[in-house]
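Secondary and tertiary structure notes
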Amino acid sequence: MAKYKNQLIKLQFLVIFFIPLTPHIKITNFLQLDDLPVLLFLILFFVNILIKNIQKFYFKEVTPLIIFILYISIQNIISNSSIIFSDNVRYIFYLLLIISILNLKDLHFLENSFNFLMVGLSLFSILLFLLEIDLGVDSYDYWKIGFNQNEWIFTNGRMNGFQAGGPNAFGGLITILTIYCATSNLSNLKYFFIFIGILGCFFTYSRAALIVLVFFLLFFTIFRKDYKGILVIVIPLLITLNFGLIERFTSEAETQGVEDRIQMQQTSITDISSRGLYENLFGYGHGNFGIVRNEIKPISEFSESVRPTGPHNSFIFLLLDYGVVGFLIFLFIFITPFMYFLKNLKLNIINPDYLFIGAFVGLSLTGDFIQNHSISVLFFLILGKLYSRIVNKE
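The structure reproduced in this document is the subject of the present report. (Residues numbered from 1 in each chain as written. Predicted model: local features only at pLDDT ≥ 70, side-chain atom pairs only at ≥ 80, totals over all residues. Heavy atoms only, no water.)

Concerning the overall build of the protein chain
In terms of regular secondary structure, the protein chain is built from 17 helices and 7 strands. The C-alpha atoms of the protein chain give a radius of gyration of 21 Å, which matches the 21 Å a tight globule of 394 residues would have. Along the first, second and third principal axes, the C-alpha atoms of the protein chain reach 55 × 55 × 45 Å. For the protein chain, the residues scored as buried account for 53% of the 394 residues in total. Sequence-distant contacts, at least 24 apart, represent 73% of the contacts inside the protein chain between residues at least 6 apart. For the protein chain, the accessible surface area stands at approximately 18700 Å², while carbon and sulfur atoms represent 66% of it. (Helix = DSSP H or I, 4+ residues; strand = E, 2+ residues; numbered from the N terminus. Rg over C-alpha atoms; globule rule 2.2 N^0.38 Å. Buried < 20%, exposed > 50% of the residue type's maximum accessible area, 1.4 Å probe, protein only. Contact = heavy atoms within 4.5 Å. Areas by Shrake-Rupley, 256 points an atom, 1.4 Å probe, with all protein chains shown as cover.)

A few points about the nonpolar core
Ranked by size, the top nonpolar core spans 119 residues in total, and within it Ile16, Tyr91, Phe114, Leu378 and Leu381 carry the most contacts. Not counting chain neighbours up to four residues away, the residues in contact with Leu378 comprise Ile16, Phe17, Pro20, Phe114, Leu117, Leu173, Leu177 and Phe356. (Core = buried A, V, L, I, M, F, W, Y, C linked by side-chain atoms within 4.5 Å.)

Overview of the side chain of Thr221
Summarising the element assignment, Thr221 is placed in helix H8 (residues 207–223). For Thr221, a relative accessible area of 2% translates into the label buried.

Examining the pattern of salt bridges
Going through the model one piece at a time under the given rule, you end up with 5 salt bridges. Between Lys385 and Glu111 there is a salt bridge, with its nearest N and O atoms 3.2 Å apart. With Lys385 in helix H17 (residues 373–391) and Glu111 in helix H5 (residues 110–131), this residue pair connects regions lying 274 residues apart in the sequence. Of the two residues, Lys385 and Glu111, neither departs from the other in class, the shared state being buried. (Salt bridge = Lys/Arg side-chain N within 4 Å of Asp/Glu carboxyl O.)

Some remarks on the pairing of strand S3 (residues 134–137)
As paired strands, S3 and strand S4 (residues 144–149) are joined by 2 bridges and run antiparallel to one another. Note on S4: the bridge partner recorded for Val137 is Lys144. Taking the residues that link successive antiparallel strands as the turn, the S3-S4 hairpin has 6 residues, and the phi of Asp141 there is positive, at about 55°. (Pairing = 2+ DSSP bridges.)

Pasting the structure below:
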């Protein structure tokens, strides 16, 4: 019976790693394929409460997250006349995830899941890029899963995964997984992770993801005086020279993404600085605006020929959505792990959990990663691990 109970709690966490692998495909009018792992997690969560795998709710540790959920729920009632919406459901899910982690005494079984996910996505990116295979589009009907052809001079296309957000999100996902797996593994297997992770990330042609990945890997290997690791980082970068590494960073004739992102972030900052006190304090509310280059306005006011997005900066997105009040409450969620980081700076600066968090924050400055559930779920999983370390005083 004890073994059966132990497997159920492990199964609940195994489901988490299927979220980045499950595309957004319509099943019914009310259900998408990527809802299934979430529903299964919730079912297993309540089953584990019934069989007493989860016995404590750690209200003290999760209070900041509960306050944030209450804030965005009240704000949505005021701005959108609805109490249930995608963001508060998402953060309730993260709350249950962290509570579940805090009830686990041994988190080592998660390492293999991270490793398998990282290797699987990296090899998927490499192999389907070389074979130029795509698996069709999801319900968003924009990016293909797999190889996406383009008209860039230096490549025939770029890779996308199963998650939402396109190639840049896929590159970011591979980046944070590679950083975590390469820095948490003490064997020579870490060099394999570095090699395929860099190649898998590169074939998404996400500049920000590649920069963050190489920076954190170099920081870690130099700090640890791992000269073999530095060499392993250099080798795949040399290989990517044959696939347009230099051109991807220099040829703005084909790739105007950087200018677009700068323009969207400048537009967002200008809007924040010019809007009224109420909107600055409490925000526009979730889903009440969209951005296309230098325009920010209600999504309904854009023509159907354009695709409004966020500002490609998660923190500006939070300010626009929830205002300064919501933004500060959100940051308060991380105050305890941050203070713990400063308290043990010398050790934590190369801790895999904190390196993951640091890389995710870096990526969030260039994209809407906090708002992308397929990726942010792993961020909150790692955050839960940090809370667990603090609670258990490891």
